[in-house]
Amino acid sequence: METEALERPADLTIWRTAPASAPAAQPERYGTLREAIAAAAGALTDPAKQPWIITEEGEILSPNWIRTYLN
């Protein structure tokens, strides 16, 4: 991933693995991909949450990608 991509906007959606009664996931817009990754890191501490990021270029970053990037 390009370093410049980290400074572009990104959308974070946190899907819940809880029962179907959980509310539908809504994406949240972040000013930079760095901010979205930081927010996703917090969600990864809860096994019932699965963060997915879509970059401004349309690249989809899975929870496993996010974990790998943070390590």
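Overview of the structure.

The rules behind these values
Residues numbered from 1 in each chain as written. Predicted model: local features only at pLDDT ≥ 70, side-chain atom pairs only at ≥ 80, totals over all residues. Heavy atoms only, no water. Helix = DSSP H or I, 4+ residues; strand = E, 2+ residues; numbered from the N terminus. Buried < 20%, exposed > 50% of the residue type's maximum accessible area, 1.4 Å probe, protein only. Polar contact = N/O pair within 3.5 Å; in protein donor to acceptor, adjacent residues only side chain to side chain. Contact = heavy atoms within 4.5 Å. Phe/Tyr/Trp six-rings, centres within 6.5 Å; stacked < 30°, edge-to-face > 60°. Pairing = 2+ DSSP bridges. Axes fitted to C-alpha atoms, helices over the stretch in contact; angles between N-to-C directions.

## A closer look at the side chain of Thr32
If you trace the backbone, Thr32 turns up in the loop between strand 2 (28–30) and helix 1 (33–43). Looking at Thr32, the relative accessible area reads 14%, which means it is buried. A polar contact of 3.1 Å, which involves the side chain of Thr32, links it to the backbone nitrogen of Glu35. Filtering out sequence-adjacent residues up to four positions away, Thr32 remains in contact with Leu6, Glu7, Arg8 and Pro9.

## Remarks on the environment of Thr45
You can see Thr45 is positioned in the loop between helix 1 and strand 3 (49–55). A distance of 2.6 Å separates the side chain of Thr45 from the backbone oxygen of Gly42, its partner in a polar contact.

## Notes on the side chain of Thr55
With respect to the helices, strands and loops of the structure, Thr55 is situated in strand 3. Every residue in contact with Thr55, bar those within four places of it in the chain, is listed here: Pro9, Ala10, Leu33 and Leu61.

## Some details on the packing of aromatic side chains
Geometry of an aromatic ring pair is reported as the spacing of the ring centres plus the angle between the planes. Applying the stated rule across the entire model yields one aromatic pair. Here the aromatic rings of Trp65 and Tyr69 are separated by 5.3 Å at their centres, their planes lie at 10°, and the arrangement is stacked. Taken together, the residues span about one helical turn, with Trp65 and Tyr69 both in helix 2 (residues 63–70) at a distance of four residues. By relative accessible area, which is 39% here, Tyr69 ends up partly exposed.

## A look at the sheet that holds strand 3
Taken together, the four strands give an open sheet; going across it, the order is 2-1-3-4, and neighbouring strands pair in antiparallel fashion. What marks the edges here is a single partner per strand, and that holds for strand 2 and strand 4 (60–61). Across seven bridges, strand 1 (residues 10–16) lies against strand 3 in antiparallel orientation. Along strand 3, the bridge assignment pairs Ile14 with Pro51. Against the sheet, helix 1 touches strand 1, strand 2, strand 3 and strand 4, its axis set at about 170° to strand 3. This element, helix 2, spans strand 3 and strand 4 of the sheet and lies at about 85° to strand 3.

Honestly, it's all geometry; don't read function into it.
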